[in-house]
Amino acid sequence: MSHAASASLRIEEQIVALIPALRAFAHRFVGSNNDVDDLVQEAVSRALSHLDHFRPGTSMKSWLFTIIRNTYCTGYRRHVRESCGRLDDAASYDLPMSATQDWAMRAIDVDTALAQLSAGERKALLLVAAGASYEDAALSCHCKIGTIKSRVSRARLHLAEILGESDLCHGISMS
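So, here's what we can say about the structure. Keep in mind the model is a prediction, meaning the values are calculated, not measured.

## Here's the deal with the overall build of the protein
Then, in step 1: On a plain count of helices and strands, the protein comes out with 9 helices and 0 strands.
Then, in step 2: In the protein, the succession of helices and strands from N to C terminus is α-α-α-α-α-α-α-α-α.
Then, in step 3: Scored against the burial criterion, the 175 residues of the protein give a buried share of 23%.
Then, in step 4: A separation of at least 24 residues holds for 50% of the contacts in the protein among residues at least 6 apart in sequence.
Then, in step 5: Accessible area for the protein stands at about 12400 Å²; split by element, carbon and sulfur atoms hold 56% of it.

Written out as structure tokens, the structure reads:
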């Protein structure tokens, strides 16, 4: 075996020995194990086909990590640049989109309605709506859990009335 062939074999063995580190590094870029395997395979393939670019005396690990990063970046740019299908395909889908100004106007209506509630009802409703338990809301408002439940129930009814959502009031009784 010639000196060049044995040197190439040693480099290939170094590459194989670094595969676990390459896989760990590739996880930083992609999440699934299949994508990690694909990225490492592509990078190793590129490294093996460009062994003449490796400079002896430099870090093999750094060289391979750079190849992985560049391979990922190239694939990412390609993915962003390429479209998923033809333009005519997109035109055939009827994708309804609601107008954002409707939501903004509804938010203003809800804010106005909230301002019309009593301070106790508003605080209880906002605490529970934000995810607080009835117990935590009761502690925060310095009252009993039953009181919080009543305030929240009344606040919901009042909001529905103010917003003209009387159909939401059916089935809810005020205590």
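## A few points about the side chain of Glu121
Then, in step 1: Residue position: Glu121 is located in helix 7 (residues 119-129).
Then, in step 2: Only 3.0 Å separates the side chain of Glu121 from the side chain of His158, close enough to count as a polar contact.
Then, in step 3: With residues up to four places along the chain from it excluded, the contact list for Glu121 reads Arg151, Arg154, Ala155 and His158.

## Considering the nonpolar core
Then, in step 1: In terms of nonpolar packing, the biggest core is built from 20 residues, with Ile15, Val40, Met60, Trp63, Leu64 and Ile68 touching the most fellow members.
Then, in step 2: Elements that contribute at least two residues to this core include exactly helix 1 (3-17), helix 2 (19-26), helix 3 (33-49) and helix 4 (60-81).

## Focus on helix 4
Then, in step 1: Compared with the 32 Å implied by 1.5 Å per residue over 22 residues, the 32 Å span of helix 4 between its first and last C-alpha is a close match.
Then, in step 2: Listed in full, the buried residues belonging to helix 4 are Met60, Trp63, Leu64, Ile67, Ile68 and Thr71. The buried residues of helix 4 occupy an angular sector of 140 degrees when the element is viewed end-on, so they sit on one face. Helix 4 presents Arg77, Val80 and Arg81 as exposed residues on the side facing more than 90 degrees away from its buried surface.

## Considerations on the side chain of Thr71
Then, in step 1: Mapped onto the elements of the fold, Thr71 is located in helix 4.
Then, in step 2: With a relative accessible area of 8%, Thr71 lands in the buried category.
Then, in step 3: At a separation of 3.4 Å, a polar atom in the side chain of Thr71 contacts the side chain of Arg46.
Then, in step 4: Contacts of Thr71, omitting those with residues within four sequence positions, involve Leu39, Glu42, Ala43 and Arg46.

## Brief notes about the packing of aromatic side chains
Pairs of aromatic rings are described using the distance from one ring centre to the other and the angle between the two planes.
Then, in step 1: According to the stated counting rule, one finds 5 aromatic pairs in the structure shown.
Then, in step 2: Between the aromatic rings of Tyr72 and Tyr76, the centroid separation amounts to 6.1 Å while the plane-to-plane angle is 25 degrees, which identifies the pairing as stacked. On the criterion of helical spacing, the pair formed by Tyr72 and Tyr76 is a turn pair, its members being 4 residues apart in helix 4.
Then, in step 3: Linked through ring pairs, Phe25, Phe29, Phe65, Tyr72 and Tyr76 together constitute an aromatic cluster.
Then, in step 4: Just above the ring of Tyr134 sits the side chain of Lys149; from NZ or CZ to the centre is 5.6 Å.

## Comments concerning the pattern of salt bridges
Then, in step 1: For the structure on display, the rule yields 4 salt bridges.
Then, in step 2: Asp37 serves as the salt-bridge partner of Arg23, at 2.5 Å between the closest nitrogen and oxygen. Separated by 14 residues along the polypeptide, Arg23 in helix 2 and Asp37 in helix 3 bring together distant segments of the chain.
Then, in step 3: Here Arg23 falls in the partly exposed class, since its relative accessible area comes to 27%.
Then, in step 4: Taking relative accessible area as the criterion, Asp37 reaches 34% and is therefore assigned partly exposed.
Then, in step 5: Arg106 serves as the salt-bridge partner of Glu165, at 3.0 Å between the closest nitrogen and oxygen. Remark: Arg106 occurs in helix 6 (residues 100-116) and Glu165 occurs in the segment after helix 9 (145-162); sequence separation between them is 59 residues.
Then, in step 6: Among the residues examined, Glu165 registers a relative accessible area of 23% and is labelled partly exposed.

Criteria and thresholds
- Residues numbered from 1 in each chain as written.
- Predicted model: local features only at pLDDT ≥ 70, side-chain atom pairs only at ≥ 80, totals over all residues.
- Heavy atoms only, no water.
- Helix = DSSP H or I, 4+ residues; strand = E, 2+ residues; numbered from the N terminus.
- Buried < 20%, exposed > 50% of the residue type's maximum accessible area, 1.4 Å probe, protein only.
- Contact = heavy atoms within 4.5 Å.
- Areas by Shrake-Rupley, 256 points an atom, 1.4 Å probe, with all protein chains shown as cover.
- Polar contact = N/O pair within 3.5 Å; in protein donor to acceptor, adjacent residues only side chain to side chain.
- Core = buried A, V, L, I, M, F, W, Y, C linked by side-chain atoms within 4.5 Å.
- Expected span 1.5 Å × (residues − 1).
- Arc of directions from axis to C-beta.
- Phe/Tyr/Trp six-rings, centres within 6.5 Å; stacked < 30°, edge-to-face > 60°.
- Lys NZ or Arg CZ within 6 Å of the ring centre and 35° of its normal.
- Salt bridge = Lys/Arg side-chain N within 4 Å of Asp/Glu carboxyl O.

Distances and angles like these do not, on their own, reveal function.
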